[in-house]
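# Structure assessment
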Amino acid sequence: MNLDVIVNLLVNGLATGMLIFLLASGLSLIFGLMDVLNFSHGGLFAWGAYMGVWVYVSTGSFLLAVVGAVLGGVAIGFILERWIIRPIYGNHLQQILVTLGVMLVLSELLKVFWGPNPLNAAVPPYLDGSWQLGGIILIKYRLFIIIVGILLLVGIQLLLTRTKLGLVVRAGVLNKEMVQALGYNIKRIFSIVFMLGAGMAALGGVLLAPYSGVIFSEMGMQFAILAFIVVVIGGMGSVQGSAVASVLVGLSGAFMAYYVPDLSLAVNMLLMVLVLLIKPSGLYGLKR
Amino acid sequence: MRMISRYTIGLLPIVIIMLLAAYPFMNDSRSTLILLSKIFIFAVFAMSYDLLLGYTGIVSFGHAMFFGIGAYAIGIVMYKIGDSMGMLLLALLIGVVLAAIVSYIVGILTLRLQSHFYAMLTLAFAGLFTVLAEKWRSITKGNDGFPFPIPDFFRDRTTFYYFALVFMILFFLLLRRFTKSPLGRVLQAIRENEQRTASLGYQVVHYKVIVSVVAGVVAALCGGMYGMTLRFVNTSVFSMNTTLDALLMTIIGGIGTLYGGVIGAALIELAHELLTSLAKVHPIFERWIIFFGLLYILVVMVFPLGIAGTFKLWLKRKKTSIPLGKRDDVPW
């Protein structure tokens, strides 16, 4: 076992962890604030990837692709929240069932627009290639994902702790009724948080596309399963928990994929089962 | 008039069963017999899902795993050990026992938590089984799957057709008995008001675990039957689409009625057959499931009773003028 392999696995694990974080933090925040477990979140992720690749292929600009995917994700999020989620607030079973239906429709729509076959996604030239650092090869694009992930993590933390909106959101997670009683329009806050989560999911998707090189409509569900494992481990409603658990799941996935490839999902599931047995509210979860 | 209409509705299932029993004498086209056999099997699968969703108010997104366990149990035993009648029974038994163990473990872990956890965890467990079936190539042959022989007795499509028909009728009666038993009443009480049921002294978690094991076992039997229909098994039995089939059939057909599952299964399988043949007209029909996805969302949001329930309510309304918007027998 040499250093080169370990560093590369670390980078891989962190990069995957960051992508999962983009998905899981939105999921967790939406659940914490609105009590809605959004089973269509993976669909937004896949839509982000497809829209990003489409924009990239037609314009040739990766920046435009990212912006387009995020805006598209936010727009889909707005529509979902306004016409699908809002009419059924407070009804758990109905939400679970409807959002899964939305997931089905979203991934079928992908096939209607872009065909049922997987699409190839290219890395933009200025992020392609690798650096060599004393015999260790570092792939540029993976480092790029990690940097973007860290920036977003810091950004969300700042948003939550330093702004008025963040204050209201955190208060809403603790006690919705009180926030409402103090005169804040909780519905608007819900809407904003949902759109934010949708945008981050789409960003995760568009960043994943060049990383994995190929995108397909089922990838939404695959990543959603990882994101669910992450929110259970990290604790519903906690961005910090999602971050820690995402890195954990990403790293264990990368190392297991190298040493015992067949068991990587099993290890993450085991981790989740362990957390459920010992602390069902998750590592950073609030008591409910 | 009212008496007549009540009797007609009571007679309807008997007439349908008689027509189905007579069907092979009128038309023994292989593909139609297979299609109808599949409808019977999926009807039972949807009914087992209805026990969870419609009668207890539990949402599972991993029902495919029990179906897949049953299908693979049959396939592997028939292929590796032998295709005698005794081996078939052994294979069904293996599938049932495995499904019972898995559903028990998953249930114990999550059914005491909020409903979200069961949905998420069953989804993740089903994902795990898909990976297992893909990776354990020495036994499952990976993604491609494998064909296998079945006992001579069931090789005749007409025999198997009757077997599947009897399977459906038997399980409809058994599951109806189950839901009308004292145990079934407690399940419905949990659906209506969990806290109240708990405060009346019932161990809610125990009852939930029991129903999830029963539903898992029935689903495993359906998986076994499905394997026998196709004489082939691959990883698609574990896929999300199998769970979605159960979900769409149960909800569109009408939850909390059992026979809603039969209506849903017939509707979806027939539509699948019809719409994919229309794919030449317009490629959108290749994606026929999208229509059912939209219909499903509409049903969950606006007509939570589904076809069977709305029809039942419509009949009741004629007698007692209950407003059509009233939602009894629905967990949400």
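This structure is a prediction, so every number in the text was calculated from the model and none was measured.

### Some thoughts on the overall build of chain A
Broken down by element type, chain A carries eleven helices and four strands. The C-alpha radius of gyration computed for chain A amounts to 19 Å, which stays within 12% of the reference 19 Å derived for 288 residues, consistent with globular compactness. Seen along its three principal axes, the alpha-carbon backbone of chain A occupies a region of about 60 × 45 × 35 Å. Relative to its full complement of 288 residues, chain A shows a buried share of 55%.

### Regarding the interface of chain A and chain B
With 40 residues of chain A at the interface, the matching set in chain B holds 39 residues. For the pair chain A and chain B, the two sides together bury roughly 3,600 Å², of which 83% comes from carbon and sulfur. Looking at the side of chain A facing chain B, the largest losses of area belong to A:Leu93, A:Leu97 and A:Leu104, adding up to 18% of the total buried there. Put simply, chain A and chain B have one salt bridge between them.

### Brief notes about the pairing of strand β3 (residues 136–139) of chain A
With burial as the criterion, only one face of β3(A) is covered, namely that bearing A:Ile136 and A:Leu138; the residues A:Ile137 and A:Ile139 on the opposite face remain uncovered. Taking the residues that link successive antiparallel strands as the turn, the strand β2 (residues 130–133) of chain A-β3(A) hairpin has two residues, and the phi of A:Gly134 there is positive, at about 55°.

### Regarding a positive patch on the surface
Positive charge collects at one region of the surface, where B:Arg176, B:Lys180, B:Arg185 and B:Lys312 lie side by side. Counting through the fold element by element, B:Lys180 comes out in helix α8 (residues 157–180).

### A few points about helix α4 (residues 85–110) of chain B
Spanning 26 residues, α4(B) covers 38 Å between terminal C-alpha atoms, matching the ideal 38 Å at 1.5 Å per step. Among the residues of α4(B), those classed as buried are B:Leu88, B:Ala91, B:Gly95, B:Ala99, B:Val102, B:Ser103, B:Val106, B:Gly107, B:Leu109 and B:Thr110. Each element contacted by the buried residues of α4(B) is listed here: α11 (264–278) of chain A together with α3 (63–80), α5 (115–135), α7 (152–155) and α11 (204–230) of chain B.

### Some points on the pattern of salt bridges
Considering all chains together, one arrives at eight salt bridges over all chains under this definition. With its nearest N and O atoms 3.2 Å apart, the salt bridge here joins B:Lys208 to B:Glu194. Taken together, the positions of B:Lys208 in helix α11 and B:Glu194 in helix α10 (residues 194–199) put the pair 14 residues apart, joining distant regions of the chain. Taking relative accessible area as the criterion, B:Glu194 reaches 33% and is therefore assigned partly exposed. The network of salt bridges with shared partners includes A:Glu108, A:Lys111, A:Glu218 and B:Arg287.

### Here we look at the UniProt feature "transmembrane region" (unreviewed entry) in chain A
All names here are of chain A. As recorded in UniProt, the feature "transmembrane region" (unreviewed entry) lies at residues 6–24, 36–56, 62–84, 96–114, 134–160, 189–209 and 266–286. Along residues 36–56 one finds 76% helix and 0% strand; the C-alpha atoms at either end are 33 Å apart. Annotation note: span residues 62–84, helix share 100%, strand share 0%, distance between end C-alpha atoms 32 Å.

### Points about the nonpolar core
Formed by 207 residues in total, the largest nonpolar core has its most connected members in A:Phe39 and B:Phe61. Residue contributions to this core peak at 17 residues, all from helix α2 (residues 30–56) of chain B. Excluding its chain neighbours within four sequence positions, the residues that come into contact with A:Phe39 are A:Ile96, A:Thr99, A:Leu100, A:Met103, A:Phe228, B:Phe61, B:Ala119, B:Met120 and B:Leu123.

### Some details on the environment of B:Met47
Within the secondary structure, B:Met47 is located in helix α2. Linking B:Met47 and B:Tyr259, residues 212 residues apart in sequence, is a C-alpha distance of 7.4 Å.

### A closer look at unusual backbone geometry
Most peptide bonds take the trans configuration, and most residues that are not glycine carry a negative phi. Residue A:Asp35 is not a glycine yet carries a positive backbone phi of 65°. Among the structural elements, A:Asp35 can be located in the loop between α1 (3–34) and α2 (41–59).

### Things to note about the packing of aromatic side chains
Under the definition given, this model contains 34 aromatic pairs over all chains. Seen from their ring centres, B:Tyr202 and B:Tyr207 are 5.8 Å apart, and the 75° between their planes marks the pair as edge-to-face. Overall, B:Tyr202 belongs to the partly exposed group, its relative accessible area being 37%. Ring-pair connections join several aromatic residues into one group, and the members of that group are A:Trp47, A:Tyr50, A:Trp54, A:Phe113 and A:Trp114. Here A:Arg82 stacks its cationic end above the ring of A:Trp83, 5.6 Å away from the centre of that ring.

### Observations regarding α1(A)
Owing to its 3.6 residues per turn, the α-helix brings residues three or four apart onto one side. Residues and elements named next belong to chain A. With 32 residues, α1 should cover 46 Å at 1.5 Å per step; its first-to-last C-alpha distance of 45 Å lies within 8% of that length. Of all the bends in α1, the largest measures some 30° and sits at phenylalanine 21. Within α1, 26 of the 32 residues are buried, leaving the element largely enclosed by the surrounding structure. Aspartate 35, located one to two residues past α1, shows a positive phi value of around 65°.

Conventions we followed
- Residues numbered from 1 in each chain as written.
- Chains lettered and ligands numbered in written order.
- Predicted model: local features only at pLDDT ≥ 70, side-chain atom pairs only at ≥ 80, totals over all residues.
- Heavy atoms only, no water.
- Helix = DSSP H or I, 4+ residues; strand = E, 2+ residues; numbered from the N terminus.
- Rg over C-alpha atoms; globule rule 2.2 N^0.38 Å.
- Buried < 20%, exposed > 50% of the residue type's maximum accessible area, 1.4 Å probe, protein only.
- Contact = heavy atoms within 4.5 Å.
- Buried area = accessible area lost by both parts, 1.4 Å probe.
- Salt bridge = Lys/Arg side-chain N within 4 Å of Asp/Glu carboxyl O.
- Pairing = 2+ DSSP bridges.
- Patch = residues over 30% accessible without salt bridge, like charges linked within 9 Å, V, L, I, M, F, W, Y side chains within 5 Å.
- Areas by Shrake-Rupley, 256 points an atom, 1.4 Å probe, with all protein chains shown as cover.
- Lys, Arg positive; Asp, Glu negative; His and termini not counted.
- Charge placed at Lys NZ, Arg CZ, Asp CG, Glu CD.
- Expected span 1.5 Å × (residues − 1).
- UniProt positions renumbered as here; feature names shortened; annotations may be inferred.
- Core = buried A, V, L, I, M, F, W, Y, C linked by side-chain atoms within 4.5 Å.
- Phe/Tyr/Trp six-rings, centres within 6.5 Å; stacked < 30°, edge-to-face > 60°.
- Lys NZ or Arg CZ within 6 Å of the ring centre and 35° of its normal.
- Bend = angle between axes of the 7 residues up to and from the residue.

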